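# Close look at the chain arrangement
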Amino acid sequence: MVKVFIYPTNSFILADLVTRAGHEPLVIMNQVREKVTSLSVDSPPLNITPEDPNLGLKYAAIEVPAGVRGRMSLMGPMVEEAEAGIIVEDTPADFGCSGCNRTNELVKYLARTNLDRSNVLEIRYPTNEDQMHDFVYTILEFLETLPTGSETKKGGDKK
Amino acid sequence: MSKAKPLKMANAGEEKLCLDSEPPKNFEGGPETKPTKSKQAKPEAKVKIALVSCGTEYGGVQPAFEEAAAKVNAEFIYPEIDIKSLDTIGKDFGIEAASGDLRLMMARAQAVVRGETIADGVFVTTCFRCAEAAIVRNEVRRYIHQKSNIPVISYSFTEQTDAVTLYTRFEALTTIAKRRHLLAREVQHGITAGIDSGSTTTKAVIMKDNKIIGIGWGPTNEVLDSAEKALVQALEMAKIDRSEIQAMGTTGYGRYLVGEHYNADLIQEEITTNSKGAVYLADVQKGPATVIDIGGMDNKAISVEDGIPGMFTMGGICAGASGRFFETVAKRLNVDITELGDLAMKGLQENVKMNSYCIVFGTQSLVNSLAKGALPKDVAAAACRSVVEQIYQQQLQEVDVKEPVILVGGSSLIKGVPRELSNLLNVKVIVPENSHLIGAVGAALLASGFVEE
């Protein structure tokens, strides 16, 4: 089983495909669940406090807006934990959306640089039924080819 | 003539004649003890503020927003939209923003304007330093203002934004949304007092039958002591006893402390009182107007229609665009602050390059210019230009500037300031008589609504 970063990070369809293929999808919902079930913090709705944008400084400089750094405090660790990734481009809003395009750019960049590029699938969102079938088959084929967790290399290890 | 109400200090448990919302606990300048009971029997319904944002919940500021809203008896609502509309709203609204939450902002604004969501006011807010968000925020705010009568304010936040920063803005927004009757007053009745406990100076006025009969002002040191001195001055000039005052209003940073002390009838934030005082003194209570208020510690730009604020912005982060900068300049030029304006009128700002974006850099420019042999009069003129340029860049981009432009606040008394503002905007700038007293006058005017007939 491989930990797969998905983009959009809140896409139920992608998460479902990854799960069906026997891998673990890394989704933002899990990150949020961790935050909101924390008993020590009371900062509804997501329990993101002013400290979280500070944690986001690991991924973006201080001049980057607080909303981007707050989002990165959730998404950055997901990329770090991931062994593979699926990035779907040109998605409609109801497929999944992180809300902020600056965050999108940064998190995709992190995925591309942090992971072995052979373990990252980049694919466009389908616009018709034929493309839709191809879309699903391509993702499933990609997931089948993924190595086990112990064999997966991070981008920095790539030879 | 109604019976005068003797002024006295409020005691614990005593009824407080105040239409305003409860002062915030731990609010700077506010009372430390629990406020006394309001005279209103029924609790007011909460003011519904539509939160139109790029995702404040990710910026770590949502609790601060909620706290500030709760303190003015308001609650946020989130206009519901069809998620599919996010794919088309860019072309529909006109800005094809790449960020989903910015498209959400446009869709939510549309829902409010179309009446699909009923809101008393709208708060448009996005991350500070985001160019895409700044474009959308500005256009969304303008769209709501032009297409509806719903009051709207905008703000760019950082993770450091706290409830105190937002409180005055929310207080003004809820006043405009829910207490328009208060703002409709155009004529002062009876004998009323207004005290403006500002950051730098404290002003007091006594008004009688729509005329100012007493004025007092002095530096703000110890808040209550400064207010008392200003009030005594005003009473002496008016030649009346304080027991003759029928109603009192307080405003400014120290409004709660002073208001509680005198058991004031009205405790009101300065955006409302200052805009009301400005249009009253300039005699433009009907139609559009733009009020620019350069105070001792902050500045405000308020777009007014029939004396009621529509859009407003409030700057207070940098002292480079406030009276503090003029104090620094006057001190360095070794002139009294009251002489700085006359000196500036003799100079040419073009001769000195100065940027007061930050008071430290501004002072640095000042020192460098003098070291290079610049004339004090040119430096004084450049300081005036620098301040109005910053207000233009920081504040006037956020409101629709409509004539007449009324310049008020203590800094309006520095003659070079209206001149440079007029040159910059290419419009005639009105500085009404007693332009530094707008807050106190506005408070006295609005407080006359409490004079019993």
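Sequence order as written defines the numbering, with residues in each chain counted from 1. Going through the entries in the order they are written, you letter the chains from A and number the ligands from 1. With pLDDT at 70 or above as the cut-off, local features in this predicted model cover only qualifying residues; side-chain atom pairs require 80 or more to be listed or tallied, and sums for whole chains, interfaces and linings still use all residues. In computing side-chain values, all of the structure's heavy atoms are included and hydrogens and water are not.

If you check an unreviewed UniProt entry, chain B appears there as Putative methanogenesis marker protein 15 from Methanimicrococcus blatticola. The annotation that UniProt attaches to chain B under Cofactor (unreviewed entry) is "[4Fe-4S] cluster". UniProt positions are given in the numbering used here, feature names are shortened, and annotations may be inferred rather than shown by experiment.

Under an unreviewed UniProt entry, the name given to chain A is Putative methanogenesis marker protein 5, and the organism recorded is Methanimicrococcus blatticola.

### Brief notes about the overall build of chain A
Only runs of H or I of at least four residues qualify as helices and only runs of E of at least two qualify as strands under DSSP, and these elements are numbered from the N terminus. Scanning chain A from terminus to terminus reveals six helices and four strands. Ordering the α and β elements of chain A from the N terminus gives β-α-β-α-α-α-β-α-β-α. If you line up chain A on its principal axes, its C-alpha atoms span 45 × 40 × 30 Å. For every residue, the accessible area (1.4 Å probe, protein chains only) is compared with the maximum for its type, and the residue is labelled buried under 20%, exposed over 50%, or partly exposed between those bounds. Counting across all 159 residues of chain A, residues that qualify as buried make up 51%. By the convention used here, residues are in contact when the closest approach between their heavy atoms is within 4.5 Å. Considering only contacts in chain A between residues 6 or more positions apart, those separated by 24 or more positions represent 64%. Summing over all exposed atoms, chain A offers an accessible surface of approximately 7,900 Å²; the carbon and sulfur share of this is 52%. The distance from the centre of the 16 positive side-chain charges to the centre of the 23 negative ones in chain A is 6 Å. A 1.4 Å probe and the Shrake-Rupley method give the accessible areas. Residues count as covered only by the protein chains that appear here. In this tally, Asp and Glu contribute negative charge and Lys and Arg positive charge; neither His nor the terminal groups of the chain are included. Charge positions are represented by NZ for Lys, CZ for Arg, CG for Asp and CD for Glu.

### Notes on the side chain of N274(B)
Looking at where N274(B) falls in the secondary structure, it is placed in helix α9 (residues 270–281). Its relative accessible area of 3% is what places N274(B) among the buried residues.

### Here we look at the packing of aromatic side chains
Each pair of aromatic rings is reported with the distance of its centres and the angle of its planes. Residue and element names in this part refer to chain B. Pairing of aromatic rings covers Phe, Tyr and Trp, the last through its six-membered ring, and needs centres within 6.5 Å; plane angles under 30 degrees mean stacked, over 60 mean edge-to-face, and all others mean tilted. Following the criterion strictly, the structure yields nine aromatic pairs over all chains and no others. Note on F93 and Y143: the rings are 5.0 Å apart at their centroids and 65° apart in plane angle, and the pair reads as edge-to-face. A residue pair is termed long-range when its members are at least 10 positions apart, and F93 in helix α2 (residues 89–93) and Y143 in helix α4 (residues 131–147) qualify at 50 residues. With respect to class, F93 is no different from Y143; both count as buried. Grouped by ring-pair contacts, the aromatic residues F65, F76, F123, F157 and F170 constitute a single cluster.

### As for the interface of chain B and chain A
Counting residues at the interface gives 24 residues for chain B, matched by 28 residues for chain A. Roughly 2,000 Å² of surface becomes buried between chain B and chain A when both sides are summed, with 58% attributable to carbon and sulfur atoms. By definition, a salt bridge exists where a carboxyl oxygen of Asp or Glu is found within 4 Å of a side-chain nitrogen of Lys or Arg. The interface formed by chain B and chain A contains four salt bridges. Notably, a salt bridge pairs K84(B) with D94(A), separated by 3.1 Å at the nearest N-O pair. Two parts placed together each lose some accessible area under a 1.4 Å probe, and the buried area is that loss summed for both.

### A few points about helix α6 (residues 129–145) of chain A
Side chains three or four residues apart in an α-helix point the same way, a direct result of the helix having 3.6 residues per turn. All names here are of chain A. Helix span is expected to be 1.5 Å times the residue number reduced by one. The end-to-end C-alpha distance of α6, which contains 17 residues, comes to 25 Å, matching closely the 24 Å that a straight helix rising 1.5 Å per residue would cover. Inspection of α6 places F135, I139, F142 and L143 among the buried residues, and these make up the whole buried set. Down the axis of α6, the buried set is contained in an arc of 100°. They therefore lie on one face. Seen from the buried face of α6, the exposed residues on the opposite side, beyond 90 degrees, are E129, D130, Y137, E141, E144 and T145. Buried residues belonging to α6 abut β1 (3–7), α1 (12–20), β3 (84–89) and β4 (120–124). Where α6 starts, the residue carrying a side-chain oxygen 3.2 Å from the main-chain nitrogen of D130 turns out to be N128. Think of the arc as the fan of directions from the helix axis to the C-beta atoms. Here a polar contact is recorded for every N or O atom pair within 3.5 Å, except that within protein the pair must consist of a potential hydrogen donor and a potential acceptor, and residues adjacent in sequence are included only if both atoms are side-chain atoms.

### Things to note about the domain arrangement of chain B
All names here are of chain B. When the domains of chain B are assigned, the result is domain 1 (47–178), domain 2 (182–274 + 438–450) and domain 3 (319–431). Among the residues of domain 1 in contact with domain 2, T168, E171 and T175 are the three that bury the most area, contributing 64% of the side total. Between the two partners, domain 1 and domain 2, sit one salt bridge. Linking R255 and E171 is a salt bridge whose minimum nitrogen-to-oxygen distance equals 2.7 Å. Between the two partners, domain 1 and domain 2, sit four residue pairs in polar contact (both at pLDDT 80 or more). Residue classes follow a fixed rule: Ala, Val, Leu, Ile, Met, Phe, Trp, Tyr, Cys and Pro count as nonpolar, while Asp, Glu, Lys and Arg count as charged, and any other residue, Gly among them, counts as polar. Looking at the side of domain 1 that touches domain 2 residue by residue, the classes come out as three nonpolar, two polar and one charged. The split into domains, and so the bounds of each, comes from an automatic or database assignment of domains.

### Observations regarding the sheet that holds strand β10 (residues 288–294) of chain B
Residues and elements named next belong to chain B. Within the open sheet, the five strands sit side by side as β12-β11-β10-β13-β14. Their pairing is mixed. Pairing within the sheet leaves two strands with one partner each, and these edge strands are β12 (308–315) and β14 (429–430). Where β10 meets strand β11 (residues 299–305), seven bridges bridge the pair, whose relative direction is antiparallel. For I292, the partnering residue across the bridge sits in β11 and is A301. Running at roughly 60° to β11, α9 makes contact with β10, β11, β12 and β13 (405–408) of the sheet. Any two strands with at least two DSSP-identified bridges between them are counted as paired. Angles shown run from 0 to 180 degrees and are taken between the N-to-C directions of axes, each axis being a line fitted to C-alpha atoms and, for helices, limited to the stretch in contact.

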